[in-house]
Amino acid sequence: MTYLAKPKLHHPGLDKNTLGYTRRDYEGAISTLCAGCGHDSISAAIIQACFELELPPHRIAKLSGIGCSSKTPTYFLGSSHGFNSVHGRMPSVLTGANLANRDLIYLGVSGDGDSASIGFGQFAHSLRRGVNMVYIVENNGVYGLTKGQFSATADKGSKSKKGAINADAPIDLVAMALQLGASFVARGFSGDKTQLVPLIKAALLHPGAAFLDVLSPCVAFNNHPGSTKSYDYVREHNEAVNYLDFITPRSEITAQYPPGSVEEVMQHDGSVVRLRKLHADYDPHDRIAAMSYLQQHQIAGEVVTGLLYVDPQPDELHAHLNTVDMPFNQLAESELCPGSAALQKFNAALR
Amino acid sequence: MKATDIAAPDYFHRVVDCQWACPAHTPVPEYIRLIAQGRYGDAYLINWKSNVFPGILGRTCDRPCEPACRRGRVEEGNGEKPEPVAICRLKRVAADYKDDIRARLPRPAAARNGKRVALIGAGPSSLTVARDLAPLGYEVVLFDGDARAGGMIRTQIPRFRLPEAVIDEEVGYVLDLGVDFRAGQRIDSLTQLLRENYDAVFVGTGAPRGRDLDIPGRREAAANIHIGIDWLSSVSFGHIDRIGRRVIVLGGGNTAMDCCRSSRRLGGEDVKVVVRSGFDEMKASPWEKEDAMHEGIPILNFMVPKAFTHEHGKLTGVLFEKVAAQYDDRGRRQLLPTGEPDVHLPCDDVLVAIGQENAFPWIERDLGIEFDKWGMPVVDKVTLRSTHPRVFFGGDAAFGPKNIIWAVAHGHEAAVSIDKLCHGEDLHQRPAPGVSLTSQKMGIHEWSYDNAVSGDVRYRVPMKENRIALKDIKVEVELGFDPKLAFAEAQRCLNCDVQTVFTPKLCIECDACVDICPMDCINFTDNGDEPALRQRLRAPADDPEQALYVSDALKITGHVMVKDEDVCLHCGLCAERCPTGAWDMQKFYLEMTHAGPGCRNKRREANPLPA
Ligand SMILES: Cc1cc2nc3c(=O)[nH]c(=O)nc-3n(C[C@H](O)[C@H](O)[C@H](O)COP(=O)(O)OP(=O)(O)OC[C@H]3O[C@@H](n4cnc5c(N)ncnc54)[C@H](O)[C@@H]3O)c2cc1C
Ligand SMILES: Cc1ncc(C[n+]2csc(CCOP(=O)(O)OP(=O)(O)O)c2C)c(N)n1
Ligand code: SF4
Ligand code: SF4
Ligand code: SF4
Ligand SMILES: [Mg+2]
């Protein structure tokens, strides 16, 4: 017997959201990743986030490149749009799709190989352009799909499964995203859904370029002593700056927090992100401070997680380009083509 | 919470809901798997060992296992009508399709052990004691007032539910073990029997007396008013083969259902069941009511019989008062008259099926056997011994009318007690069940059980058409599952005996099991006290009867693994997804320890070694 399809039976008390869907309705095909792969937990977190946000599955487009991480969109949101592009090319395909239909929610799923090596340029440009999307990198420090070569995010000095030491300096995609102008930057850990699910929810509702680096251990090739991307290492060195409760305008605030430990960030659409601060002096609105905080802690060998930066008033690609509100794919020929008189006038202006 | 002690036999036993609920603790999922594999003989023997009458029970068991079956819980909220696995009718499949298993049964003892045991009444409880003790070398003398063994299985249960050949076969297997059956020998004095110096006496005489209904007209119309169980046994013996065209059956239990259905076959065309209580409170099992209604028998509820009406000494009908259920402040139900006019239902015959009683006129009260104020013997629930050191009770005679499977369970326990008594041991030191736990892992995603979960709804057992079934009381109504249907139904079983076993030190808390579990059973969370923990799991664990499996604290986070056993599908996906083998699927096999060397205490050396 190989993999079973996940039985359709679900817990008798499973909740439904107001769309009438259970969490199970946001699942996809059964995963073919290695047992214990962090990526599967991220899929589960995405499923949970979309269920809780009550997103209609057909309003979501999931796009990916190549890699174990990029395979995962098959395993969640089975009723959403999907595009599995070529290696490192998710950002450009996503940008194109977003330009053609600005009405969908875009979820780009990539890996550290896919984004920090072959797709590094695409990664950078999609963020600096402010494409309205959630860009998730499932970061395991290796090329999992091609059997565990170090990726560009592997820390210098970390050890491969076979014992080789990585001599190259790492790329920190979070630092890059901050520098490139992403308006929402966060880091999570596949092994901590309490932190991850609200991060994904907040990112999904963020109307701009939201970047999420999720440490996601590769159990097959990078979960040994000497790795800095293993379950144990990340747990031991996790330096969470905050936890957030994502709060939509509808839901009531019931939890109690000690004074001064909570910060509420009003989002563009009226929803509220409530941050439970673990480090009182951490300010998620200060891009520069975030960058230096990150680097200081990285040097100390710590993995900083949480909502690291958010711009409450972001803008995005469509605003930069001054495009019409109506998605391009819904514009008729009469609206798209100004007609020959207008063309002649335009041409005349260039003579 | 404290970490669960999975080495305690009860822990995993409870997870196998059906086996736990079965009075004889039959290893249900094991035999269901064997049926799915077409190994009917093996499935039969597992049953035979545990419940002695697989073919009989597979047609008639009260099936306490089915309301307990997990399948009924997991289908809740998932489909139209949640239904348990057809455990009982699968048992019949094993009996119907087995090959000749006689060579695999125990043989009569080659040598006697010198102990003599008398069993009074040849119903299922005594037959079970005989089955357990005869092969051990006991001289077992079995008395019954009737000519043939079987007790109420033979005299009460109508043939259209249980063909005689099945009774002959399975009662025969027991008698063939070298039992000395004294047919037609009623015991009229226990004092006399005890004088014959038996080492132990077992009373399995049942609850033979049908309750009467003493209301006006009872005496005058007596010719056409019959006590249900007496009437059924007369039908069974062939003394009665007709009944009037219009029949009223009074009572709402299974006896009433057998009475009305038998009437339909003996000339009753207009047969009604009239019950005091509401439909849902009736004692009859839901399937018995269904079967009766299927045969065109209406069930009228909330009607209390007031008088038998008669003319010229002949019954003309029954007068009923209409009542309704009212609940007092303590939630107790009372049936109060509605004030509507009484209803008169005309009929030719009445069958009174309003209960059974015990009667022990043949037990002298000066023997040291204590009786309580209801006339029931005082019997130890565990050892089944009365207040007389050598006299045991079981079946309906012990605690009032129950059913066959309870009679069997009593029989096994009484046999253990008798065996211990005859070996000079303390009866209260009961033997532990035999248990084993075996990994089912064969490959990365390969298990030695079929872990795919069937989505099928319960299959119905094919039935003979009413047209044919109602013509002859000896025609069996149910045809039983054929092997194809049996396979499909067997696949609905969730293999609850294949346990999810968790080894905390191997867990890396990657959450893979949490994510894959279709039923949201698994949690990694901070420990807490049970009520609080039950409320903050992924899915609230609202049924305190269903255990939480709690691990020791995990090494890095200090979390504990908490699994709600309630609706686990035993699909093994958690174990398939576990990268470290912290989860494993292990088959838990539990067999009750019956009479014999295994039930006795480990002996100290009888003779000390010579100095
Ligand atoms: C109409 C009816 C239908 C039933 N249907 C079912 C069913 O479908 N499924 C189910 O599980 N249960 C059913 N039962 C209940 C079941 O038959 C009994 O619970 C079960 O048979 C009890 O077994 P037992 O060993 O206590 O003795 P019994 O079966 O009651 O047998 C007692 C035997 O003792 C003999 N006896 C009594 N006194 C003496 C004496 N002094 N000397 C010698 N012999 C004596 C009797 O002749 C009888 O043979 C039904 C009962 C009735 C009345
Ligand atoms: C153009 C191209 N170059 C190389 C490859 C081989 N390749 C497949 S996946 C992969 C790396 C994937 O790494 P990552 O994005 O980190 O995904 P992971 O499997 O670790 O989740 C590479 C180099 C390819 N498929 N296409
Ligand atoms: S190789 Fe690594 S990244 Fe790929 S599925 Fe296996 S554990 Fe996950
Ligand atoms: S599903 Fe199978 S093993 Fe589980 S309780 Fe029902 S019959 Fe028993
Ligand atoms: S066997 Fe494991 S995965 Fe399947 S339902 Fe039970 S706990 Fe969940
Ligand atoms: Mg990778």
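Residues numbered from 1 in each chain as written. Chains lettered and ligands numbered in written order. Predicted model: local features only at pLDDT ≥ 70, side-chain atom pairs only at ≥ 80, totals over all residues. Heavy atoms only, no water.

### So, the overall build of chain B
Step number 1: Along the backbone of chain B there are 22 helices and 24 strands.
Step number 2: A burial count over chain B gives 57% of its 611 residues as buried.
Step number 3: Long-range pairs, those at least 24 residues apart, make up 72% of the contacts in chain B between residues at least 6 apart in sequence.
Step number 4: A gap of 3 Å separates the mean positions of the 78 positive and 88 negative side-chain charges of chain B. (Helix = DSSP H or I, 4+ residues; strand = E, 2+ residues; numbered from the N terminus. Buried < 20%, exposed > 50% of the residue type's maximum accessible area, 1.4 Å probe, protein only. Contact = heavy atoms within 4.5 Å. Lys, Arg positive; Asp, Glu negative; His and termini not counted. Charge placed at Lys NZ, Arg CZ, Asp CG, Glu CD.)

### Concerning the pattern of salt bridges
Residues and elements named next belong to chain B.
Step number 1: What the rule picks out here adds up to 63 salt bridges over all chains.
Step number 2: Across the pair Lys81 and Glu83 runs a salt bridge whose closest N-O atoms are separated by 3.3 Å.
Step number 3: On the accessibility criterion, Glu83 (22% relative accessible area) is partly exposed.
Step number 4: The residue Glu288 makes a salt bridge to Arg161 at a minimum N-O spacing of 3.5 Å. Highlighted residues: Glu288 in helix α15 (residues 286-294) and Arg161 in the loop between α10 (152-155) and α11 (164-175), separated in sequence by 127 residues. Judged on exposure class, the residue Glu288 and its partner Arg161 are both buried.
Step number 5: One salt-bridge network, in which partners are shared between bridges, spans Arg148, Arg154, Arg159, Glu164 and Asp168. (Salt bridge = Lys/Arg side-chain N within 4 Å of Asp/Glu carboxyl O.)

### Here we look at the domain arrangement of chain B
Residues and elements named next belong to chain B.
Step number 1: Here chain B is described as being made up of domain 1 (10-99 + 457-490), domain 2 (116-208 + 358-422) and domain 3 (210-355).
Step number 2: Taking only C-alpha atoms, the centre of domain 2 and the centre of domain 3 are 31 Å apart.
Step number 3: Overall, the association of domain 2 and domain 3 removes approximately 880 Å² of surface from exposure, summing both partners, and the carbon and sulfur fraction of that is 50%.
Step number 4: Interface area lost by domain 2 to domain 3 is led by Gln156, Phe160 and Arg161, which between them contribute 57%.
Step number 5: The interface formed by domain 2 and domain 3 contains two salt bridges.
Step number 6: Arg161 is the salt-bridge partner of Asp258, the closest N and O atoms lying 2.6 Å from each other. (Domains from an automatic or database assignment. Buried area = accessible area lost by both parts, 1.4 Å probe.)

### With respect to the site of ligand 4
Step number 1: In the vicinity of ligand 4, the residues found are Cys18(B), Val28(B), Pro29(B), Cys69(B), Arg70(B), Val85(B), Ile87(B), Cys493(B), Leu494(B) and Cys496(B).
Step number 2: For the shell around ligand 4, the residue count by class is nine nonpolar, no polar and one charged. (Near = heavy atom within 4 Å. Nonpolar A, V, L, I, M, F, W, Y, C, P; charged D, E, K, R; others polar.)

### Details of the coordination of the magnesium ion (ligand 6)
Residues and elements named next belong to chain A.
Step number 1: Every protein donor of the magnesium ion (ligand 6) is listed here as Asp112 (OD), Asn140 (OD1) and Val142 (O), and their distances to the metal cover 2.1 to 2.2 Å.
Step number 2: On the primary sequence, the residues serving as donors to the magnesium ion (ligand 6) are separated as D-x27-N-x1-V.
Step number 3: Overall, Asn140 belongs to the buried group, its relative accessible area being 4%.
Step number 4: You can call Val142 buried: its relative accessible area is 4%. (Donors = N, O, S within 2.8 Å, 3.2 Å for Na, K, Ca; no water.)

### Quick look at the interface of chain A and chain B
Step number 1: Contacts between the two partners involve 28 residues from chain A and, on the opposite side, 37 residues from chain B.
Step number 2: Summed over both sides, the interface between chain A and chain B buries roughly 2,800 Å², with carbon and sulfur atoms accounting for 57% of that surface.
Step number 3: In this structure, the salt-bridge partner of Asp40(A) is Arg577(B), at a minimum N-O distance of 3.4 Å.
Step number 4: In this assembly, chain A and chain B are joined by 14 residue pairs in polar contact (both at pLDDT 80 or more).
Step number 5: Of all elements in the fold, only α1 (38-53) and α8 (231-237) of chain A reach the threshold of two or more residues within the side of chain A that touches chain B.
Step number 6: If one sorts the elements of the side of chain A that touches chain B by residue count, α8(A) sits on top with four residues.
Step number 7: Looking at side-chain class alone, the side of chain A that touches chain B contains 12 nonpolar, seven polar and nine charged residues. (Polar contact = N/O pair within 3.5 Å; in protein donor to acceptor, adjacent residues only side chain to side chain.)

### Considering the sheet that holds strand β2 (residues 139-144) of chain B
Residue and element names in this part refer to chain B.
Step number 1: Read from one edge of the open sheet, five strands run β3-β2-β1-β4-β16, paired in parallel fashion. The sheet terminates laterally at β3 (180-183) and β16 (391-393), the two strands that pair on one side only. Between one strand axis and the next, the sheet turns by 20° as a mean value, whatever way the strands run.
Step number 2: The strands touched by helix α17 (residues 404-422) are β1 (116-120), β4 (200-203) and β16; relative to β4, the strand with the most contacts, the crossing angle is about 170°. (Pairing = 2+ DSSP bridges. Axes fitted to C-alpha atoms, helices over the stretch in contact; angles between N-to-C directions.)

### Regarding empty space enclosed by the protein
Residue and element names in this part refer to chain B.
Step number 1: Evaluated as defined, the whole model comprises eight cavities of 30 Å³ or more.
Step number 2: Volume-wise, the largest cavity comes out at about 150 Å³.
Step number 3: Secondary structure elements with two or more residues in the lining of the largest cavity: α5 (54-60), α8 (87-97) and α15.
Step number 4: Tallied by class, the residues present in the lining of the largest cavity amount to five nonpolar, one polar and nine charged.
Step number 5: Counting contributing residues, the lining of the largest cavity receives three or more from each of domain 1 (10-99 + 457-490) and domain 3 (210-355).
Step number 6: The calculated volume of the second largest cavity comes to roughly 110 Å³.
Step number 7: The wall of the second largest cavity is formed by 14 residues, among which Cys22, Cys61, Arg63, Cys65 and Lys91 lie closest to the centre.
Step number 8: Per-element accounting of the lining of the second largest cavity gives the leading share, three residues, to α8. (1 Å grid on protein atoms, 1.4 Å probe; cavity = no way out; pocket = protein on both sides within 12 Å on 5 of 7 lines; lining within 4 Å. Points joined across faces, edges and corners; volume = space filled by probe spheres on them.)

### Here's the deal with the side chain of Ser126(B)
Residues and elements named next belong to chain B.
Step number 1: Mapped onto the elements of the fold, Ser126 is located in helix α9 (residues 124-133).
Step number 2: Taking the relative accessible area as the measure of exposure, Ser126 reaches 0% and is therefore buried.
Step number 3: In this structure the side chain of Ser126 is engaged in a polar contact, spanning 2.5 Å, whose partner is the backbone oxygen of Gly121.
Step number 4: If sequence neighbours within four positions are ignored, Ser126 has contacts with Leu119, Ile120, Gly121, Leu142, Phe202 and Gly204.

### Digging into the pairing of strand β11 (residues 314-327) of chain B
Residue and element names in this part refer to chain B.
Step number 1: Of the strand pairs in this sheet, strand β10 (residues 303-311) and β11 are connected by eight bridges, and their pairing is antiparallel. Within β11, the residue paired with Pro305 across the bridge is Phe320.
Step number 2: Remark: two residues form the turn of the hairpin made by β10 and β11, two consecutive strands paired antiparallel; His312 in that turn has positive phi of roughly 50°.
Step number 3: Here four bridges tie β11 to strand β13 (residues 343-346), and the two strands are oriented antiparallel to one another. Its bridge partner being in β13, Leu319 is matched across the sheet by His344.
Step number 4: Of the strand pairs in this sheet, β11 and strand β12 (residues 333-337) are connected by five bridges, and their pairing is antiparallel. Along β12, the bridge assignment pairs Ala325 with Leu335.
Step number 5: The turn joining β11 and β12, which pair antiparallel and follow one another in sequence, is formed by five residues; a positive phi near 80° is taken by Gly331.

### Quick look at the packing of aromatic side chains
Residue and element names in this part refer to chain B.
Step number 1: Scanning all chains against the criterion turns up 17 aromatic pairs over all chains.
Step number 2: With a centroid separation of 5.7 Å and an interplanar angle of 45°, the aromatic rings of Tyr40 and Tyr97 are classed as tilted. Of the two residues, Tyr40 is situated in helix α4 (residues 40-51) and Tyr97 in helix α8; the sequence distance between them amounts to 57 residues.
Step number 3: Relative accessible area serves as the criterion here: at 14%, Tyr40 is assigned to the buried category.
Step number 4: Residue Tyr97 is classed as partly exposed on the basis of its relative accessible area, which comes to 36%.
Step number 5: Looking at Arg116, its charged tip hangs above the ring of Tyr198, at a distance of 4.2 Å from the centre.
Step number 6: Between the NZ or CZ atom of Lys289 and the centre of the ring of Phe279, over which it lies, the distance is 4.2 Å. (Phe/Tyr/Trp six-rings, centres within 6.5 Å; stacked < 30°, edge-to-face > 60°. Lys NZ or Arg CZ within 6 Å of the ring centre and 35° of its normal.)

### Brief notes about the site of ligand 1
All names here are of chain B.
Step number 1: In the vicinity of ligand 1, 34 residues are found, and the nearest of them are Thr60, Ser125, Asp144, Arg161 and Asp396.
Step number 2: Here a nitrogen atom of ligand 1 and a side-chain polar atom of Arg186 are 3.5 Å apart.
Step number 3: Considering ligand 1 on its own, with 990 Å² of exposed area, one finds that the protein chains cover 95% of that surface.
Step number 4: The residue makeup of the shell around ligand 1 includes at least three contributed by each of domain 2 (116-208 + 358-422) and domain 3 (210-355). (Areas by Shrake-Rupley, 256 points an atom, 1.4 Å probe, with all protein chains shown as cover.)

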